[in-house]
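Take a look at the letters that make up each chain.
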Amino acid sequence: MSVLEGPREEWRRILHQGTPVWVRPEEGGKLRLGDGRTVEEANATYLPPCDPTKIICIHLNYDSRRVEFKAPPLVTPTYFQKPLTTLNSHRGFLNRPADCQYLNYEGEIAAIVGKPMRNVAPEDVWDHLAGFAPANDVGAQDFRDTDAGSMLRVKGQDGFCPVGPGIVRGVDIRKESVRTYINGKVVQDGPVSEMTFPIDYIFADLSRHITFLPGDIVLTGTPANSRPMNIGDVVEVEVTGVGRISNTVQEAPAPAHKVGHQPTDSDAVRRVALGQF
């Protein structure tokens, strides 16, 4: 059955009495466990709604972002990966190292695999997806001057991939929008129809060469206006029809050793972090 077809269905994963459990949200601020008991949603400790073997991301997939970067029209997509240790969850904290200043949000849709995928045609992709979730492709742009474009240290630091609060199917994601909020104010807003390379194209492209396994995540791009977050900011990413994930920015200690490339404040860093193209 296509992930786009209703009825809408949502599952969330929480830590309950020391054990990961799957729950269904209900009206009245309750989460229902599989045995029928309920817990207060406001008191829940969330976990990511999947266990991926890989997290793959696409560059510049929203046309507003491409225009912001003053990039030419795209002919083919390019991709990068985030380590599994970037996974974070609803209400988790985002750590900005004390030696960094450009911790940027990027509101995105996480497309989550439900069945193994290899050489899947675009029209069959929707039958292989488990669902969708809001995500934040967080990046410390202070490291933009290193790693030869892979963005390993920009996008790969611990906790830099919040996904959740749940996984949702039965929503035609092609008709929805992505919005990011900072302290309640909308700072990004882009319709999914603005994607240069649709979700089915991305999976068909990648699955020619890469086997996707259940739980794997593809982050599908961000609209224009990614900007730095400040300590104490509450950042929320909403995917209409799907849900909203919330995280709080806090300061973390700088690395203990001055080994390797250090954060920089170059023109190239500021152009990307602040949108000064």
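Computed from a predicted model, the values in this text were never measured in an experiment. (Residues numbered from 1 in each chain as written. Predicted model: local features only at pLDDT ≥ 70, side-chain atom pairs only at ≥ 80, totals over all residues. Heavy atoms only, no water.)

1. Description of helix α4 (residues 199-206)
Burial within α4 is extensive, with 7 of its 8 residues counted as buried. Looking at the buried residues of α4, the elements they touch are β6 (55-58), β7 (79-82), β11 (107-113), α2 (122-125), β12 (129-136) and β18 (217-219). (Buried < 20%, exposed > 50% of the residue type's maximum accessible area, 1.4 Å probe, protein only. Helix = DSSP H or I, 4+ residues; strand = E, 2+ residues; numbered from the N terminus. Contact = heavy atoms within 4.5 Å.)

2. With respect to the pattern of salt bridges
Overall, the coordinates contain 26 salt bridges when judged by the stated rule. A salt bridge links K54 to D216; the nearest nitrogen and oxygen atoms lie 2.7 Å apart. Taken together, the residues span a long stretch of sequence, with K54 in the loop between β5 (45-47) and β6 and D216 in the loop between α4 and β18 at a distance of 162 residues. For the pair shown, K54 and D216 are each scored as buried. A salt bridge links E68 to R65; the shortest N-O distance between them is 3.0 Å. (Salt bridge = Lys/Arg side-chain N within 4 Å of Asp/Glu carboxyl O.)

3. Examining the packing of aromatic side chains
For the structure shown, the criterion picks out 3 aromatic pairs. Considering the side-chain rings of F197 and Y201, the 5.3 Å spacing of their centres and the 35° angle between planes classify their relative orientation as tilted. Classification of F197 by relative accessible area gives buried; the value is 6%. Between F203 and F212, the aromatic rings sit 5.2 Å apart at their centres with planes inclined by 65°, giving edge-to-face as the arrangement. Accessibility classification places F203 together with F212 in one group, the buried group. Of note, R24 hangs over the ring of W11, and the distance from its end group to the ring centre comes to 4.7 Å. For R244, the ring lying beneath its charged end belongs to Y181, and the centroid distance is 4.0 Å. (Phe/Tyr/Trp six-rings, centres within 6.5 Å; stacked < 30°, edge-to-face > 60°. Lys NZ or Arg CZ within 6 Å of the ring centre and 35° of its normal.)

4. Examining the sheet that holds strand β21 (residues 243-252)
With mixed pairing, 5 strands are arranged side by side in an open sheet as β9-β21-β20-β16-β17. Unpaired on one side and paired on the other, β9 (93-97) and β17 (185-191) mark the two borders of the sheet. For this sheet, the mean inter-axis angle between neighbouring strands, taken without regard to orientation, is 20°. Relative to β21, strand β20 (residues 234-239) runs antiparallel, the two sharing 6 bridges. Paired with V235 across the strands is N247, a residue of β21. (Pairing = 2+ DSSP bridges. Axes fitted to C-alpha atoms, helices over the stretch in contact; angles between N-to-C directions.)

5. Quick notes on the nonpolar core
Counting residues in each nonpolar core, the largest one holds 31 residues, and the members touching the most others are I109, L129, F132, I173, I199 and F203. Among the secondary structure elements, those contributing two or more residues to this core are β6, β11, β12, α4 and β20. Top contributing element to this core by residue count: α4, with 4 residues. The next biggest cluster of nonpolar side chains, apart from the first, holds 27 residues, and it includes F143, I167, I182 and M229. (Core = buried A, V, L, I, M, F, W, Y, C linked by side-chain atoms within 4.5 Å.)

6. A closer look at helix α5 (residues 267-274)
Restricting attention to buried positions, one finds in α5 the residues V269, V272 and A273. Looking straight down α5, one finds that the buried residues subtend no more than 95° of arc, so they occupy a single side. Among the structural elements, β10 (103-104) and β19 (228-229) are those in contact with the buried residues of α5. Taken from the residues just after α5, G275 is the one with a positive phi, measuring 70°. (Arc of directions from axis to C-beta.)

7. A word on the sheet that holds strand β13 (residues 139-140)
The strand order β13-β10-β19 describes an open sheet built from 3 strands, whose pairing is antiparallel. Strand pairing shows two members of the sheet lacking a second neighbour, β13 and β19, which therefore form its edges. Pairing analysis gives 2 bridges linking β10 to β19, with the strands arranged antiparallel. What sits directly across from L103, in β19, is M229.

8. Some remarks on the side chain of H90
Note that H90 resides in the loop between β8 (87-88) and β9. In this structure the side chain of H90 is engaged in a polar contact, spanning 3.1 Å, whose partner is the backbone nitrogen of S246. If we ignore the near neighbours within four places in the chain, the residues touching H90 are E41, Y46, V163, P165, R244, I245, S246 and N247. (Polar contact = N/O pair within 3.5 Å; in protein donor to acceptor, adjacent residues only side chain to side chain.)

9. Comments concerning unusual backbone geometry
The linkage connecting G6 with the following residue, P7, adopts the cis geometry, with an omega of 5°. Looking along the chain, the bond that leaves G164 and enters P165 is cis, with omega of 5°. If you check the backbone angles, L60 has positive phi at about 45° while not being a glycine. Looking at the secondary structure, you find L60 in the loop between β6 and α1 (63-68). The exposure class assigned to L60 is partly exposed, which follows from its relative accessible area of 22%.

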